[in-house]
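Structure at a glance
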Amino acid sequence: MGYGRYITIRLLNALLVLALVTLLVSVLFTKVAEEDIRSSIQEQINLKLRSNPELQRQLAADPAKLQEWYQREYNRLIHVYELDKPFWVRVIQRTKDTLTLNFGNTKSPIFGETAVGKIISKAIPRTVILFTTAQIFVILIGLLLGVKAAQIAGSILDKGVSIVAMVTSSIPMWWFGMMMILIFSFKMGLFPSGGMTSMPPKEGFAYYLDVLYHMILPVSTIVFVLFGGWAWTTRNIMIGTMQEDFIMAARAKGVPERKVIYGHALRASAPPIVTMTIFSLLGSIGGAIITESVFNWPGMGRLYWTALQQNETRLLMGVTFVTVALYLIAMIIADLAYGYLDPRVKVGASQST
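This text gives an overview of the structure that appears in the document.

Reading the values: rules and limits
- Residues numbered from 1 in each chain as written.
- Predicted model: local features only at pLDDT ≥ 70, side-chain atom pairs only at ≥ 80, totals over all residues.
- Heavy atoms only, no water.
- 1 Å grid on protein atoms, 1.4 Å probe; cavity = no way out; pocket = protein on both sides within 12 Å on 5 of 7 lines; lining within 4 Å.
- Points joined across faces, edges and corners; volume = space filled by probe spheres on them.
- Helix = DSSP H or I, 4+ residues; strand = E, 2+ residues; numbered from the N terminus.
- Nonpolar A, V, L, I, M, F, W, Y, C, P; charged D, E, K, R; others polar.
- Phe/Tyr/Trp six-rings, centres within 6.5 Å; stacked < 30°, edge-to-face > 60°.
- Buried < 20%, exposed > 50% of the residue type's maximum accessible area, 1.4 Å probe, protein only.
- Polar contact = N/O pair within 3.5 Å; in protein donor to acceptor, adjacent residues only side chain to side chain.
- Pairing = 2+ DSSP bridges.
- Patch = residues over 30% accessible without salt bridge, like charges linked within 9 Å, V, L, I, M, F, W, Y side chains within 5 Å.
- Areas by Shrake-Rupley, 256 points an atom, 1.4 Å probe, with all protein chains shown as cover.
- Salt bridge = Lys/Arg side-chain N within 4 Å of Asp/Glu carboxyl O.
- Core = buried A, V, L, I, M, F, W, Y, C linked by side-chain atoms within 4.5 Å.
- Contact = heavy atoms within 4.5 Å.
- Axes fitted to C-alpha atoms, helices over the stretch in contact; angles between N-to-C directions.
- Parallel < 35°, antiparallel > 145°, perpendicular 65-115°, else oblique.

Let us now look at empty space enclosed by the protein. Under the criterion given, the structure shown has one cavity of 30 Å³ or more. Looking at the largest cavity, its volume works out to about 40 Å³. Lining the largest cavity are Leu 18, Val 21, Thr 22, Val 25, Thr 98, Met 317, Thr 320, Phe 321 and Val 324. When contributions to the lining of the largest cavity are tallied by element, the ones reaching two or more residues are α1 (3-50) and α14 (313-341).

Below, the discussion takes up the layout of surface pockets. Counted as a void, the largest pocket has a volume near 630 Å³. In this structure, the largest pocket is lined by 26 residues; those nearest its centre are Ala 33, Ile 37, Tyr 81, Arg 94 and Arg 314. Those elements that provide at least two residues to the lining of the largest pocket are α1, α4 (87-99), β1 (105-110) and α14. When residues in the lining of the largest pocket are grouped by element, the largest group, seven residues, is from α1. When grouped by side-chain class, the residues that make up the lining of the largest pocket number seven nonpolar, 10 polar and nine charged. In this structure, the second largest pocket occupies an estimated 190 Å³ of space. Lining the second largest pocket are Phe 111, Pro 125, Arg 126, Ile 129, Gly 195, Met 196, Thr 197, Met 199, Tyr 207 and Pro 298. Take the lining of the second largest pocket: its biggest share by element is three residues, from helix α5 (residues 116-151). In terms of residue class, the lining of the second largest pocket is made up of seven nonpolar, two polar and one charged.

For the rest of this paragraph, the subject is the packing of aromatic side chains. The tally for this structure, following the rule as stated, stands at seven aromatic pairs. Between Phe 87 and Trp 88 the ring centres are 5.7 Å apart and the planes differ by 75 degrees, which places this aromatic pair in the edge-to-face class. Its relative accessible area of 25% is what places Phe 87 among the partly exposed residues. Chaining the aromatic ring pairs together yields one cluster made of Phe 176, Phe 224 and Phe 227.

On to the side chain of Thr 127, then. Mapped onto the secondary structure, Thr 127 falls in helix α5. Separated by 2.6 Å, the side chain of Thr 127 and the backbone nitrogen of Met 300 make a polar contact.

As paired strands, β1 and strand β2 (residues 113-115) are joined by two bridges and run antiparallel to one another. Within β2, the residue paired with Asn 105 across the bridge is Ala 115. What sits between β1 and β2 in their antiparallel hairpin is a turn of two residues, with Phe 111 showing a positive phi close to 60 degrees.

We now examine helix α13 (residues 300-309). The set of residues buried in α13 consists of Met 300, Gly 301, Leu 303, Thr 306 and Ala 307. At the C-terminal side of α13, Asn 311 shows a positive phi close to 55 degrees.

Now for a nonpolar patch on the surface. Taken together, Trp 174, Trp 175, Met 178, Ile 289, Ile 290, Trp 305 and Leu 308 make up a surface patch of nonpolar side chains, about 670 Å² in accessible area. At the level of secondary structure, the elements contributing two or more residues to the nonpolar patch comprise α7 (173-187), α12 (289-294) and α13. It is α7 that contributes the most residues to the nonpolar patch, three residues altogether. In this fold, Ile 290 is placed in helix α12.

By size, the foremost hydrophobic cluster in this structure holds 25 residues, and its most contacted members are Ile 120, Met 300, Leu 303, Leu 315 and Val 319. If you list the elements that add at least two residues to this core, you get α1, α5, α13 and α14. Considering each element in turn, this core owes the most residues, 11 residues, to α14. In contact with Ile 120, not counting residues within four places along its chain, are Met 300, Leu 303, Leu 315, Gly 318, Val 319 and Val 322. Counting residues in hydrophobic clusters, the runner-up holds 22 residues, among them Ala 134, Met 180, Val 223 and Ile 273.

Once that is clear, we can look at the packing of α5 against α13. Put simply, α5 and α13 touch, their axes get as near as 8 Å, and they point 140 degrees apart. Comparing the axis directions of α5 and α13 gives the class oblique. On the side of α5, the interface is formed by Ile 119, Ile 120, Ala 123, Ile 124 and Thr 127, while α13 contributes Met 300, Gly 301 and Leu 303. Counted by class, the contact of α5 with α13 contains six nonpolar, two polar and no charged residues.

A full pass over the atoms with the stated rule returns four salt bridges. The partner of Glu 113 in a salt bridge is Lys 122, and the shortest N-O contact between them spans 3.6 Å. Judged by relative accessible area, Glu 113 falls into the partly exposed class, the value being 22%. Taking the relative accessible area as the measure of exposure, Lys 122 reaches 30% and is therefore partly exposed.

Here it is as C-alpha cells:
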C-alpha cells in the first residue's frame, strides 16, 4: 500500500468515525432538545396570552375558543420548530447541520454572541493560550528530567523524579488550584484569583501583559500537577530503549554519550513520546471543565459547563463535534509520525514476501 493511499484511507476512516459519533450524539441531543422545546412552547403561549389583555378577555368568556386558540398556537409553534417531522428525520438533519458546521444559535448570549460557531471560535484561542502554553512547559520539563533520570538510572535524581511523579500525579488539579488561589491571591495578594483580564479590560500592549499576569497561577498549577508524570513516563520509555542492542553497538563503536542519548535512544523512543505530545497539545484545546471553573477562565471547558447548565443543546453539539474532530486529527498525526521517526515502522509500506 502506498503512503498516499494509506493517508487517504486513514482520513476516510476518521471522517466515518466522526460521522458516526455525530449521529449518536445527535440522537441523544435531539431527544433532550425536543423536551426542552416543548416546555419552551408552553411558556411562549402563556406569555403571549398574558401580554395581550384584550385577547385574554375574549377567550376567558368561552373555554372552547380558549382551547381552540391554544391548540392552534401549539400546532403553529410545533411546525416552526419542526417537531411535526419524524424523529429520525430530525436526527439526520441535526447530524447534517453539525457535519457542515451549521451549529445554529443559542437561546441566550454567551461571551456576547448567540451564534454557536462564533462562541466556539472565541473560546478556543483562550483555551489554547492557557492549556497549550502549560502543556509546552510540561513537555519540555518532563522530557529534560525524564531523559536525564534515564541516563543516570538509580541516582538521587532518578529516585527524586519517581517520588515527585507519584506525589504530583496524586494531587487533584482543582484542589491544588484552590490552594494556589488561597495562598498567592487571598493571603499574599500577588496574583488575581481568576478571570482572563482585569475589569475593565486594558488596551494595547497592557492588555497582553494583563493576560499573562492572569495566566501565572493557572499555568503554574497545571505544570506542577502534570510534569512529574511526564518525566516518569519519559524515563521509563528511555530506559527500555537504552537496553537495546543498537545502543550497545553505538557505545562499543565509541559514539559520544550525548549523541547516543539524543541521536539514537531519544529518536527510537520518539514515537510514544510524540504520541503523548500530540494528544496533550490537541487535547488541551478541549480545555478542562473543573480547572477553568476554578480559575474562572472563559475557555472551552467552562463553555461546555455553561452549555450543560443552560441546557444549550446546539452549543453542546458544536463543542462535542470540535473536540472529537481534534482527537481524530491527533490520532492521524500520531500514526503518520511513527513512520517518520522510527525506522522500524514503515507506514503504508507493503508486506509482500
